[in-house]
Structures are given as structure tokens and as C-alpha cells.
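Per-entry structural report
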Amino acid sequence: MDIGEGGAWPVVAADYIDRALTFWHEHRIFLAGCLVATIITLGVLRRQRVPKHVRQDSPSAAEKASWLSEEKWSAEASRGTLVAGTSRAATKPTAARIVAGRKPIPRAGSETQNEESALQPLVFFCSLTGTAERLSKEVAASIEMLSQSNDSVRKPVVLDLAYVDLDDYFISGPKNASAEKALKYFYILLIPSYDIDTIITNFLAHLDETHNDFRIDTSPLSPLAGYSVFGIGDKEGWPSEEEGFCSHAIDTDRWLAKLTGRKRAYPLGLGDVKSNLDQCLGDWCSGLSSALTDLTSTGYLGEGVPGSGDPEESDVEDAAEFPDNNRRKRQKTSRKATTTDLEDVGGRSNSNSASGTSTPLTIDFTTYSSANGPTTQSQALKAMVPKESPTYAALTKQGYTIVGTHSGVKICRWTKSALRGRGSCYKNSFYGIASHLCMETTPSLSCSNKCVFCWRHGTNPVATTWRWEVDDPHAIFTGALEGHYKKIKMMRGVPGVRAERFAEAMRVRHCALSLVGEPIFYPRINEFVDLLHGDRISSFLVCNAQHPAQLRALKRVTQLYVSIDASNRESLRRIDRPLHRDFWERFVACLDILRERRFEQRTVFRLTLVKGFNVEEEVEGYADLVARGLPCFVEIKGVTYCGTSSAAGAGLTMQNVPFYEEVVAFAEALDRALLKRGLAYGIAAEHAHSCCILLASRRFEVNGRWNTVIDYDRFFKLLEAGEDFKPEDYCSETAEWALWGNGGFDPRDERVDRKGRPKEVKAKEVLGEESVKPKKQPQASIDF
């Protein structure tokens, strides 16, 4: 063959390729087997060449035998659990460093590194009754004493799980903002167990989601120096772990073992509130301090004792997903449904309905597996707020009447003020609602946010899915009215109550669906709204823009609110502290829904201004959100500070309450920003007494006059007619005294000071009418 001929080489190449392919197809199984066998053989030979590493600081066999002489201790230590009251007298000091997980091996030169390293302990707790909070302070005091004698241990920081952003601490660990490059964090968690839904339920769900999120590393908390958990439970009602004793602490310990790569620095402590809680905590703190001391001196966990990282001794976290937990769930399901707080309350209580009807399936109304609707889970339901729970006690102490298992009603100070002729809230100025005719209620006490300015401060349940019993809307409606009227009747003997207003208050005309919780969370919210409208009660519904599917399915209400607490993702995360990880996407989706429905019903953006959070340099961002949602109205209101230690724990103080002048300046700046974007809005009304200002769309400016007030009779006539109508079809003219620049105080009422004396008269008598000027003080505001 002449290789110089054109095309000869391609022919030869093609022939060889055909032969190679034919050979491969005839012998591919044999060749693949040979390749696998070769790889395995090389791997085995390589492992045999490498000598097994033997640590110089490992204890001798005799030492191990002496430490394991106490059978109960070794059995508990091997699985990472320190039982309440277990003696450590017969153990060697290094036994305090027992862990169930991998042990980092010291590297060359680690002694120098350890000398420069520092440890920052973070003490996390969650408590409804105060027990865990008290114990967390004791733990912090114990570690602080250690920090005074050990420069490598920093002063501990106590954090409430109800107020921290879980993403900041339990996904990748806290960011080191100090100048110390070698600073490492150590987590200490005090976890009570409840048989009701609390923030602990959400915390465990967060750990579960983090572990199973494919976008996150298997051990995202491995940079931590270590962790340890102490559980608080009640053996009177739950005598063993299998029956629920300290179940939340046990689950927390196991999740953290997975997320940290087995960095349990000291065994799980379990304390019984009815017996030796303080003694057990003291023993646990002593051992924990010893473990922290060893950690700062050696830089790693454990020294080869059982559970220190040897595969044959520490595979408990690699077993099936929490088999003990699954066993507890089965046993809990088999026994009577209970709703008792396991931290401070013992015994059992029956939370099943008296009707004896079969338990419905759990309905997930916030997470969808398909476009067809919500998913269902075969799981027994229980009450959201059972009467025996500390949640019930906390909310009733705050003035709530709990209706059924998940609803509530309450009267606010503006209702009391209106009954005495001392003024109504901003809704009277803006929309024509006298406060003594308004009922404040919510069909869901649970919420999916933990806002820094929330008045309830973690006492109400939080969740992303509805997993409770669903009460009948008729029962909620009649129960809310009954609870409201009982509270009104309690005002009968209060000095100053006007007889005519008291009589008017016994016929509810308006309903504000807000208070604590998220009303749209209630699965049968549309039926409840129909009951309100059927009794000619107007509906003002407030949602937090986290449930777009429910918002889209919501029927027409008299006025629909969406809380707009921030103008960007990071600010919203800091203020609302939402539970959903896709909170911003949900938020934006809700704004788009409001834009679509702006010609169907009155829509409102509710801006709550918090100095230091969402006021400074966010006007333009808010204007962009208004441009996106195009609401009928924009309410701008200064935050209310309730003055509790819990509020301070959330990072809120009186310094965060804006002056009314600052709210005015913000409203004027937002008005200019909207005008710059070509949006037809204007400042329509104000209520200086509650630090609130209203911007309205020019759609509600008729013949040069603002028409923001609602014609309620007209609304119900249009609604009963069953025809389509627009928000402009049931509006009327805003009162002169409520317009922008006139203060917004109803002249039919009388302003008084804190002692009940007429405010304007007193000022005129003392200073003279010409010299009366408003003082620059934070205005008292009220949430509806």
C-alpha cells in the first residue's frame, strides 16, 4: 500500500478502530473484572505498607482497664450519655473528656499553636417557664470562674434560641469578628423537653434540614472546638428515655454529633426537675470545666478512652437515623396524647377532642411537593396551645383569651381609650374604624417569623407547617365574640367609660385579624372570613408575606395587609428572623400577588420602622418594593417597645424607637422617592398620637380630596350582590382633622395625660396657648 496516497491513513485507522471495538464487545466483562481486581489488589498492598499510627499519648491497657471498672459509667460513656447522678469518683480525671466521635490528631508543632489559641464558649438555652434560663446563667457563671484562671477560655456568652438567627450559628458556625485568628467557638446547649410545639421543635427541624441539605457539607459545624448538651426533663410523667425523658436534648446531642463530625467534648447530661436537677447540673458543669481545660491545653478531644473516635467504639451516630428516637415516637403515639411541659410540669393530660372523632392527617400548608396542592403526613395531631402548657399560661397572663386549641382574642389599650372618650387608634383616622367597635383576634397563634419587635417574645408557637388540630371556624367565631364581650363587660365599672360607647361596643362591627401569630396560617381561613362578612363585620387581615400559596387562595377581605419590615434580604432576615430559608423568595412572591389583586380589594403595605434596623438609607429600597407591589395604601409606623428583658434579648431597646419627627421625615423622603419613579402616591393622613402616617394611591383622591375612609355599608351591599367591584367603589371622604398636617386626633374625643387630666387644657394653663409646642419624645404606638 502506498502511504503517500491521499485517504490511505483514514482507511487504515477506521479498520483498526472496528477491530478494537469488536474485541471490546466480545471480552468487555473479562476486562472490566481484571481492572477492578487490579485496583483492589493495589489498594490492599498500599494499606499493608503503611504502619498503623500509634499515638504516644494513648493510655496503657492497664489504665483503660482501671477506668472501665465502673460498669455503669463506661456503658453510658461509650454512647455519649452522662446519666443524672452518675458517680465519677472512681474515674480518672481524663474520663471527663469522653466523647463519641472522631478525635483530631495533634500535628507537628501543635504545642505552639495551642499556646496561642483561645476558646469562646457560647451558652444556648430555650425556656418557657424560666428554668432553663436560670440554669444557663449558672453554667455561664461556672465557666466564667474558669476563664478567670485560664486565659485561653473567654468569658461565655449566653444566647436564647428564641432570638438568635439559627442560620448564623447552626449552618457554618459563627463568624470570628475578633482580632484573634486562633479563636474557636465551643457550644453549650441547655435543652428542656416539652410535649408541645415550641422553638425547640423548630430548632430540631433546622438541624435536620441542615444535615439533609445537599448544598451543605456533611459536617458544616466541624470548625467548632466542641460541644456539649444538658437536658432538662421530668421523670414523673416520662420515667425513661424511651418514654420521652429529655427527648429533645437527646435528639439535639445526636444531630450536633453529625453536624460537628463527632465533636462531643463531654457526655450528654440529663437532669430531672423533680429530684436532683441542680446537683446533676453541678456535676456536669464540673466535668465540662475539666474538659474545657484539657481542650485548651491539648487542642483536641479525648485520649483513646471509649467513644473517643475509634470506629469500633463510636459508630452510634452512623447507625440508622436515630433508632431510639423512632422508638420513642412509636411509643408516644401508642399512649394517650399529651400536651404537658416536661421542663417544669409533670403528669399527663388528655388533649383529644371530646367528640371522639378520628384524628385527621397533618396538612403541610407551606411546603409543596407538586403544583397540585399540599402534602399530607400520617401523623396524629395535637392541640397547638393546650390548657396545661406554659404557652397557654404565658398568653393568658398577657391578656389573651385562648379560643379552642389555636385561636385567641384580646382587647388593646385603644379599645379601652375609646370607651372612655380618650381617642381611637390610627384606623379611625385613616379608615373610619372606632376602636371600641373593633375586635382583635387571630385564628392561629402560631407564626413563621420571630420578629425583633414582637410583643409576645417567644411565648407563642412558631412553625413553617400546620401540624396541629384544626378547630371548626364556627367554634372560633362564636368563641372569639364571647371572649371579646367578656373583656368589654369588665370595663363597665371603669371610671370615665361613656355609657353610649359601652352600649355600642356590645355589637362588634370590625375585626382585625392579626394579634399574635399568622391568621392566614389557619387552614380554614376563608370559611372564617365568610362568617365575619355574614354577620356584617368588616375584615382587616394582616399577613407577614411568607405564605404566597395561602395568600393567592384567600378570598376577598375588606382590607388586606402585608407587613413590609425591611427593604432588602439581609435587613428582613435581621428584623423578622423568618423560619423559611427561602423567605425572600416568598416575600417577593406575596408582593406580586398583591399587585395582581390591587383592583380587586384594598391592599396595604405596613412599614414598621425600627431605628438601627430598617430606617437608615432604606427609603430607596422601600420605594422599589412599592413600585413592585403597587399597593393602595402604605402605612408608616414607628415600632413599639414593650420594655421587657426579652425585648432587650432580641436586641431591641428604647433607642430603637423613632421620634415622630423621624417618622415624618421618612414618610416625606419615601413620598419623594415614589414621585421620582413616576408613581402616583401622596401623603394623605396622619395619626401623630400613635406615630403613624398614611401614603395613598392617587386612585383615592377624588376632586382634590382624599377618600381613604371605607364605606362599610356599601362594601357589604356590593359583596352580597355577588358582582365584581373595585376598592374605589366603597370609599368615602377622609375627615378634615385626619388629613396630613392636622394631627389626626378625633375632636369628638379628649386627649389626657397619664393621670387622666386634659392634656391641651393643662398645657394652655401652664404655658399659654401661643407657646404650646409638641415635645420631642417617642410617641406611644399600638399594634393591631
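Please refer to the structure placed before this passage.
Thresholds applied
Residues numbered from 1 in each chain as written. Predicted model: local features only at pLDDT ≥ 70, side-chain atom pairs only at ≥ 80, totals over all residues. Heavy atoms only, no water. Helix = DSSP H or I, 4+ residues; strand = E, 2+ residues; numbered from the N terminus. Buried < 20%, exposed > 50% of the residue type's maximum accessible area, 1.4 Å probe, protein only. Contact = heavy atoms within 4.5 Å. Areas by Shrake-Rupley, 256 points an atom, 1.4 Å probe, with all protein chains shown as cover. Pairing = 2+ DSSP bridges. Axes fitted to C-alpha atoms, helices over the stretch in contact; angles between N-to-C directions. Patch = residues over 30% accessible without salt bridge, like charges linked within 9 Å, V, L, I, M, F, W, Y side chains within 5 Å. Salt bridge = Lys/Arg side-chain N within 4 Å of Asp/Glu carboxyl O. Parallel < 35°, antiparallel > 145°, perpendicular 65-115°, else oblique. Core = buried A, V, L, I, M, F, W, Y, C linked by side-chain atoms within 4.5 Å. Polar contact = N/O pair within 3.5 Å; in protein donor to acceptor, adjacent residues only side chain to side chain. Phe/Tyr/Trp six-rings, centres within 6.5 Å; stacked < 30°, edge-to-face > 60°. Lys NZ or Arg CZ within 6 Å of the ring centre and 35° of its normal. Nonpolar A, V, L, I, M, F, W, Y, C, P; charged D, E, K, R; others polar. Right-handed = clockwise from strand over helix to strand, strands pointing away.

**Regarding the overall build of the protein**
Summing up its helical and strand segments, the protein has 24 helices and 22 strands in all. A total of 784 residues make up the protein; the buried ones form 54% of that total. Long-range pairs, those at least 24 residues apart, make up 77% of the contacts in the protein with a sequence separation of at least 6. Taken as a whole, the protein presents about 35600 Å² of accessible surface, with 53% of it coming from carbon and sulfur.

**Topic: the sheet that holds strand β10 (residues 407-410)**
The strand order β9-β10-β11-β12-β13-β14-β15-β16-β18-β17 describes an open sheet built from ten strands, whose pairing is mixed. Across the chains shown, the open sheet's two edge strands, defined by having one partner strand only, are β9 (401-403) and β17 (681-687). Pairs of neighbouring strands in the sheet enclose a mean axial angle of 25°, with direction left out of account. Bridge count between strand β11 (residues 438-442) and strand β12 (residues 510-513): four bridges; the pairing is parallel. Residue pairing across strands places threonine 441 opposite leucine 513, the latter belonging to β12.

**Looking at a nonpolar patch on the surface**
A contiguous nonpolar surface patch, about 430 Å² in accessible area, is contributed by Phe23, Trp24, Phe30 and Leu31. On the secondary structure map, phenylalanine 23 appears in helix α1 (residues 8-49). In this structure phenylalanine 23 comes out as partly exposed when scored by relative accessible area, which is 47%.

**Some remarks on the packing of helix α19 (residues 583-596) against helix α20 (residues 619-629)**
Axis separation between α19 and α20 bottoms out at 7 Å; the angle between their running directions is 50°. Taken together, the axes of α19 and α20 lie oblique to each other. Here Phe587, Val588, Leu591, Asp592, Leu594 and Arg595 of α19 come into contact with α20, specifically with Leu625, Ala627, Arg628 and Gly629.

**Points about the nonpolar core**
Residues Ile564, Phe587, Leu607, Ile636, Leu670 and Leu695 are the most contacted members of the largest nonpolar core, which totals 87 residues. Considering every element that reaches this core, the biggest residue donor is helix α22 (residues 660-676), with nine residues. Non-local contacts of leucine 607, meaning those with residues more than four positions away in its chain, are made with Ile564, Tyr622, Val634, Glu635, Ile636, Lys637, Phe666 and Leu670. If you look at the next biggest cluster of nonpolar residues, it comprises 36 residues, including Leu159, Leu166, Leu221 and Leu224.

**Considering the pattern of salt bridges**
Tallied over the entire structure, the rule returns 28 salt bridges. When the shortest N-O distance is used, the salt bridge between arginine 573 and aspartate 168 registers 3.1 Å. Of this pair, arginine 573 sits in helix α18 (residues 569-576) while aspartate 168 sits in helix α6 (residues 166-169); the two residues are 405 residues apart in sequence, bridging distant segments of the chain. Aspartate 168 sits in the partly exposed class, given a relative accessible area of 33%. Between lysine 274 and aspartate 234 there is a salt bridge whose closest N-O contact spans 3.4 Å. Taken together, the positions of lysine 274 in the loop between β6 (268-272) and α9 (277-298) and aspartate 234 in the loop between β5 (226-233) and α8 (247-260) put the pair 40 residues apart, joining distant regions of the chain. Relative accessible area serves as the criterion here: at 1%, aspartate 234 is assigned to the buried category. Residues joined by salt bridges that share partners form a network here, namely Glu620, Asp624, Lys676 and Arg677.

**Focus: α18**
Listing the buried residues of α18 in full gives Ser571, Leu572, Arg573, Ile575 and Asp576. One side-chain oxygen of the residue at the start of α18 lies 3.3 Å from the amide nitrogen of glutamate 570, identifying that residue as asparagine 568. At the exit of α18 stands arginine 577, carrying a positive phi of roughly 45°.

**What to know about the packing of aromatic side chains**
Counted under the stated rule, the structure contains 23 aromatic pairs. Ring centres 5.5 Å apart and planes at 75° place the aromatic pair phenylalanine 124 and tyrosine 169 in the edge-to-face group. Of the two residues, phenylalanine 124 is situated in strand β2 (residues 118-125) and tyrosine 169 in helix α6; the sequence distance between them amounts to 45 residues. With a relative accessible area of 0%, phenylalanine 124 lands in the buried category. Relative to tyrosine 730, the ring of phenylalanine 725 has its centre 5.8 Å away and its plane inclined at 75°; by these criteria the two rings are edge-to-face. Tyrosine 730 carries the same exposure label as phenylalanine 725, and that label is buried. Three or more aromatic residues joined by ring pairs form one cluster here, namely Tyr426, Phe430, Tyr431, Phe540, Tyr561, Phe633 and Phe700. The positively charged end of arginine 556 is found above the aromatic ring belonging to phenylalanine 725, 3.8 Å away from the centroid.

**Details of the packing of α18 against α19**
One way to put it is that α18 packs onto α19 with a least axis distance of 10 Å and a crossing angle of 100°. What the angle tells us is that α18 and α19 run roughly perpendicular. On α19, the residues that touch Arg569, Leu572 and Arg573 of α18 are Phe583, Trp584, Glu585 and Phe587. Among the residues making up the contact of α18 with α19, the classes are represented as four nonpolar, no polar and three charged.

**Regarding the environment of phenylalanine 613**
Mapped onto the secondary structure, phenylalanine 613 falls in the loop between β15 (602-609) and α20. We classify phenylalanine 613 as buried; its relative accessible area is 13%. Along the sequence, phenylalanine 613 and isoleucine 575 sit 38 residues apart, while their C-alpha atoms lie 6.9 Å from each other.

**Section: the side chain of serine 567**
Assignment of secondary structure puts serine 567 in the loop between β14 (559-563) and α18. A polar contact of 3.5 Å, which involves the side chain of serine 567, links it to the side chain of asparagine 568. Looking at serine 567, its side chain comes within polar contact range of the side chain of glutamate 618, at 2.7 Å.

**Re the pairing of β14**
Most of β14 sits inside the fold, with five of its five residues counted as buried. What you see with β14 is no split at all: Gln559, Tyr561 and Ser563 on one side and Leu560 and Val562 on the other are buried throughout. Two elements, strand β13 (residues 538-543) and β14, share four bridges in a ladder whose sense is parallel. Across the sheet, the residue bridging to valine 542 is tyrosine 561, located in β14. Running through helix α17 (residues 548-553), the crossover from β13 to the neighbouring parallel element β14 is right-handed. Pairing of β14 with β15 involves five bridges; the strand directions are parallel. Considered in β15, the bridge of serine 563 is made with arginine 606.

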